[in-house]
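So the chains spell out like this:
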Amino acid sequence: MGRLAASLVLLCLWSVIPTVGAQPLSITVAPGAVGMTLQVVTPGDSLRASDGGSRLTWYDRRGGPRFSKVTVSTVCPGQRYALRVTALGVVNGTPTGTVELIDGLPERDLVLNIAHRVDGSSMLRYDAAASPADGRGPETHVVTYTFTRQ
């Protein structure tokens, strides 16, 4: 039996939404590009792939009584494959759980309750899945992480 495979490339971007009089803010994702190949685990089953090698880091040097958060969104015109991201091992913040990334949907919360003046980080796990009916071929997501006030 032939092997079904589809490839998925994630290009991660990040942005910071500053407020008036804001002090330095930072958010980074490393590595900035992740490649995954979806493969059949069991004949007739869906194609699946996971990658847990990305790290998200942030800091907020602003003061004030409010917390910050990290949101996530994707751009992938013609999206065929399911893509989810989970923040794991979060330091300085509360993860919201697994977030499904769908082209065209607004940003979704990934990490909440980020305290100011304390560095934070998490590992990112991407999970992708497709059924044979989704077709074959590459798909590229531009995933954007945004750091903003909660």
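No experiment lies behind these values; they were computed from the predicted model shown.

**Q** How would you sum up the overall build of the protein? Please name residues and give values.
**A** Check the secondary structure of the protein and you find 0 helices and 11 strands. Ordered by position from the N terminus, the helices and strands of the protein form the series β-β-β-β-β-β-β-β-β-β-β. Buried residues in the protein amount to 39% of all 150 residues. In the protein, 79% of the contacts between residues at least 6 apart in sequence involve partners at least 24 apart. Surface exposure of the protein reaches about 7300 Å², of which carbon and sulfur atoms provide 56%.

**Q** Now, about the environment of Pro-106: what can you tell me, with residues and values included?
**A** Checked against the element boundaries, Pro-106 lands in the loop between strand E8 (99-101) and strand E9 (108-114). For the pair Pro-106 and Ser-73, spaced 33 residues apart in sequence, the C-alpha separation works out to 6.5 Å.

**Q** So what's going on with the nonpolar core? Residues and values would help.
**A** If you look at the biggest cluster of nonpolar residues, it comprises 23 residues, and the most contacted ones within it are Val-85, Leu-110 and Tyr-145. If you list the elements that add at least two residues to this core, you get strand E3 (33-40), strand E4 (47-60), strand E5 (68-75), strand E6 (82-91), E8, E9, strand E10 (120-130) and strand E11 (139-149).

**Q** Break down the pattern of salt bridges for me, with residues and values.
**A** In this structure the tally under the stated criterion is 3 salt bridges. Among the salt bridges present, the one from Asp-127 reaches Arg-125, with a minimum N-O distance of 2.9 Å.

**Q** Requested: an account of the environment of Thr-71, with residues and values cited.
**A** The topology assignment puts Thr-71 in strand E5. Accessibility expressed as a relative area gives 2% for Thr-71, which makes it buried. Sequence separation of Thr-71 and Gln-150 is 79 residues, and the distance between their C-alpha atoms is 9.9 Å. Sequence-distant contacts of Thr-71, defined by excluding residues within four places in its chain, comprise Glu-107, Arg-108, Asp-109, Leu-110, Thr-144, Tyr-145 and Thr-146. In terms of polar contacts, Thr-71 uses its side chain to reach the side chain of Glu-107, at 3.2 Å.

What counts and what doesn't
- Note on numbering: residues in each chain are counted from 1, in written sequence order.
- Owing to the predicted nature of the model, reporting of local features is limited to residues with pLDDT of at least 70; listing and counting of side-chain atom pairs is limited to 80 or more, with chain, interface and lining totals taken over all residues.
- Working from all heavy atoms in the structure, the side-chain values ignore hydrogens and water.
- Counting from the N terminus, the helices are DSSP H or I runs at least four residues long and the strands are E runs at least two residues long.
- The buried label applies to any residue whose accessible area, calculated with a 1.4 Å probe on protein chains only, is under 20% of its type's maximum; exposed applies above 50%, and partly exposed to all values in between.
- Contact criterion: two residues are considered in contact whenever any of their non-hydrogen atoms come within 4.5 Å of each other.
- Working definition of accessibility: Shrake-Rupley area with a 1.4 Å probe, residue cover restricted to the visible protein chains.
- What we call a nonpolar core is a set of buried Ala, Val, Leu, Ile, Met, Phe, Trp, Tyr and Cys residues that are connected through their side-chain atoms within 4.5 Å.
- Each salt bridge in this description consists of a side-chain nitrogen of Lys or Arg and a carboxyl oxygen of Asp or Glu lying within 4 Å of one another.
- Each polar contact in these results corresponds to two N or O atoms within 3.5 Å; when the atoms are within protein, one needs to be able to donate a hydrogen and the other to accept it, and residues that are neighboring in sequence are counted only if both atoms are side-chain atoms.

Geometric values such as these leave the question of function open.
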